[in-house]
Amino acid sequence: MDEGHIVVDSISPITLADLTNDLARESGFESVDDLLGIAKHGSGDKMYLIRFHYLPPGAWDAPKWRDD
């Protein structure tokens, strides 16, 4: 990867039932089977969907504060 930054937008726990072919394709895989063939490690008891975006060198995101 070139210089720059990865900004994590969200981290959400998910289950195997949450994995769809649409989500797999959004994540860069052909199917759920392809995703699991690469991404599954160990027992697979805990899974997280991590959404992020790339910022090129010198770019900055404004903080997104939430009042929960």
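Note that the structure is a prediction, hence the values are computed from the model and not measured.

The rules we used
Residues numbered from 1 in each chain as written. Predicted model: local features only at pLDDT ≥ 70, side-chain atom pairs only at ≥ 80, totals over all residues. Heavy atoms only, no water. Salt bridge = Lys/Arg side-chain N within 4 Å of Asp/Glu carboxyl O. Helix = DSSP H or I, 4+ residues; strand = E, 2+ residues; numbered from the N terminus. Buried < 20%, exposed > 50% of the residue type's maximum accessible area, 1.4 Å probe, protein only.

As for the pattern of salt bridges
Side chains bearing opposite charge may pair, as long as their charged atoms lie close to each other.
Moving on, step 1. Overall, the coordinates contain two salt bridges when judged by the stated rule.
Moving on, step 2. Measuring nitrogen to oxygen at the nearest pair gives 2.6 Å for the salt bridge that ties R25 to D22. On the criterion of helical spacing, the pair formed by R25 and D22 is a turn pair, its members being three residues apart in helix α1 (residues 21-26).
Moving on, step 3. D22 sits in the exposed class, given a relative accessible area of 54%.
Moving on, step 4. Between E26 and R51 there is a salt bridge whose closest N-O contact spans 2.3 Å. Taken together, the residues span a long stretch of sequence, with E26 in helix α1 and R51 in strand β2 (residues 47-55) at a distance of 25 residues.
Moving on, step 5. A residue is classified by how much of its surface remains accessible, and E26, at 52% relative accessible area, is exposed.

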